[in-house]
Amino acid sequence: MSVIFVLIFFSVLVAAGFLIAFIWSVKSGQYNDRYTPSVRMLFEDSSEEELNKKLYNKKETSV
């Protein structure tokens, strides 16, 4: 029976840890930008010059 009280204590301790981490993340501004992470994968990391080189090489190989 005493095991239940120990498990309840540790579960409350873990829940309090997650609550503190959540509050800390909200206050530090991690949830302010909700749009950019969802569309970040749609844009390439390469610059415009690299993109032009890729397009030029494709045209050159197709001719």
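See the structure shown above.
None of these values were measured; they are calculated from a predicted model.

To continue, consider the overall build of the protein chain. Of the regular secondary structure elements, the protein chain holds three helices and zero strands. Tracing the protein chain from N to C terminus, the helices and strands come up as α-α-α. Counting over 63 residues, the protein chain shows a buried share of 3%. Carbon and sulfur atoms make up 67% of the accessible area of the protein chain, which totals about 6,400 Å².

So, about the side chain of serine 25. On the secondary structure map, serine 25 appears in helix H1 (residues 2-27). Judged by relative accessible area, which is 6%, serine 25 ranks as buried. Among all residues touching serine 25, those that are not within four sequence positions of it are Gln30 and Tyr31.

A separate point is the packing of aromatic side chains. The full count for this structure, using the stated rule, is two aromatic pairs. Centroid distance phenylalanine 9 to phenylalanine 10: 5.5 Å. Interplanar angle 65°. Geometry classified as edge-to-face. Judged by relative accessible area, phenylalanine 9 falls into the exposed class, the value being 52%. Ring centres 6.1 Å apart and planes at 45° place the aromatic pair phenylalanine 22 and tyrosine 31 in the tilted group.

All right, on to H1 then. Its 26 residues give H1 an end-to-end C-alpha distance of 38 Å, which sits within 8% of 38 Å, the value for a rise of 1.5 Å per residue. Backbone geometry just downstream of H1 places glycine 29 in the positive-phi region, at approximately 90°.

What counts, and where the lines are drawn
Residues numbered from 1 in each chain as written. Predicted model: local features only at pLDDT ≥ 70, side-chain atom pairs only at ≥ 80, totals over all residues. Heavy atoms only, no water. Helix = DSSP H or I, 4+ residues; strand = E, 2+ residues; numbered from the N terminus. Buried < 20%, exposed > 50% of the residue type's maximum accessible area, 1.4 Å probe, protein only. Areas by Shrake-Rupley, 256 points an atom, 1.4 Å probe, with all protein chains shown as cover. Contact = heavy atoms within 4.5 Å. Phe/Tyr/Trp six-rings, centres within 6.5 Å; stacked < 30°, edge-to-face > 60°. Expected span 1.5 Å × (residues − 1).

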